[in-house]
Amino acid sequence: MAKKDIITQLDQKLKPLGFLRKGSAWNRKIGSVVEVVDLQLSSTGDRVTVNVGVLDSNVYTVFWGAKIPNFIEQPICTVGLRIGELIDGRDKWWLLSDSNADVEIVGEVNSRVLPFFQKMHVSHAMENWLVTNDVRKKKYLPPIINLAILMIRRGATDEGCKLFDEIQAKPAGLWKVRIAEISARIGCAK
């Protein structure tokens, strides 16, 4: 099975639901939220996985100080994950040599990803997901920054600003400057 065959099958599922495709990624905008499905090919070229994301355009604007792009890539989403996290909590890749890969992927997108999107249409659900998935303990900073922004937007300003202070205290190279800019933009700067 070729990646293009899986793209065709996902197109047939997602386009009627309002998703637009660019390459091997799909976007659907609902209000201020953009849902993202992205088919990723492994570095060896023999397996694929599905990356999933939900972008809150207001969080993006605070984070980057700009309007959202016309098409959203999964790494810039407010909440981002791989489909395996929704299936069994483990990373999931399908072999392209598996003749049922397209059917399985479309089935998992239908039964796991689309219901996940439904839950993520409100910022408190995004915040809860980030907290539940313990992003504070991980080294990758964007989800932690998104969490702080969501906290402040909810009204937990002290807690969100404290989180900015915590991550700004860690050596983070160029992220240190970005975090200071975001912190000032949202009103946490001292």
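Remember, predicted model here, so these are calculated numbers, not experimental data.

(A) Structural view of the environment of I68. On the secondary structure map, I68 appears in the loop between α2 (57-64) and β5 (79-82). Distance in space between the C-alpha atoms of I68 and L86 is 26 Å, their sequence separation being 18 residues. Not counting chain neighbours up to four residues away, the residues in contact with I68 comprise K29, V34, L55, S57 and Y60.

(B) How the structure looks around the packing of aromatic side chains. What the rule picks out here adds up to six aromatic pairs. Each ring, one from F116 and one from F117, has its centre 6.4 Å from the other, and the planes form 50°; the classification is tilted. Per residue, the accessibility class of F116 equals that of F117, and both read buried. Its guanidinium or amino end placed over the ring of W93, R47 lies 5.1 Å from that ring's centre, counting from NZ or CZ.

(C) Focus on the environment of N146. Looking at the secondary structure, you find N146 in helix α6 (residues 141-154). On the basis of relative accessible area, N146 is assigned to the buried category, the value being 5%. Put simply, N146 and D88 are 58 residues apart on the chain and 25 Å apart in space, counted from C-alpha to C-alpha. The residues touching N146, leaving out its near neighbours within four places in the chain, are V59, F63, C77, T78 and L130. Reaching out from N146, the side chain makes a polar contact with the backbone oxygen of T78 at a distance of 3.2 Å.

(D) Main features of the pattern of salt bridges. All chains considered together, the criterion is met by 12 salt bridges. Measuring nitrogen to oxygen at the nearest pair gives 2.9 Å for the salt bridge that ties D11 to R21. Taken as a pair, D11 in helix α1 (residues 3-14) and R21 in strand β1 (residues 20-22) lie far apart in primary sequence, 10 residues in all. Among the salt bridges present, the one from E159 reaches R136, with a minimum N-O distance of 3.5 Å. Taken together, the residues E159 in helix α7 (residues 157-169) and R136 in the loop between α5 (123-132) and α6 connect sequence positions 23 residues apart. Because the salt bridges share partners, they merge into one network encompassing E127, R136, R154 and E159.

Reading guide: rules and limits
Residues numbered from 1 in each chain as written. Predicted model: local features only at pLDDT ≥ 70, side-chain atom pairs only at ≥ 80, totals over all residues. Heavy atoms only, no water. Helix = DSSP H or I, 4+ residues; strand = E, 2+ residues; numbered from the N terminus. Contact = heavy atoms within 4.5 Å. Phe/Tyr/Trp six-rings, centres within 6.5 Å; stacked < 30°, edge-to-face > 60°. Buried < 20%, exposed > 50% of the residue type's maximum accessible area, 1.4 Å probe, protein only. Lys NZ or Arg CZ within 6 Å of the ring centre and 35° of its normal. Polar contact = N/O pair within 3.5 Å; in protein donor to acceptor, adjacent residues only side chain to side chain. Salt bridge = Lys/Arg side-chain N within 4 Å of Asp/Glu carboxyl O.

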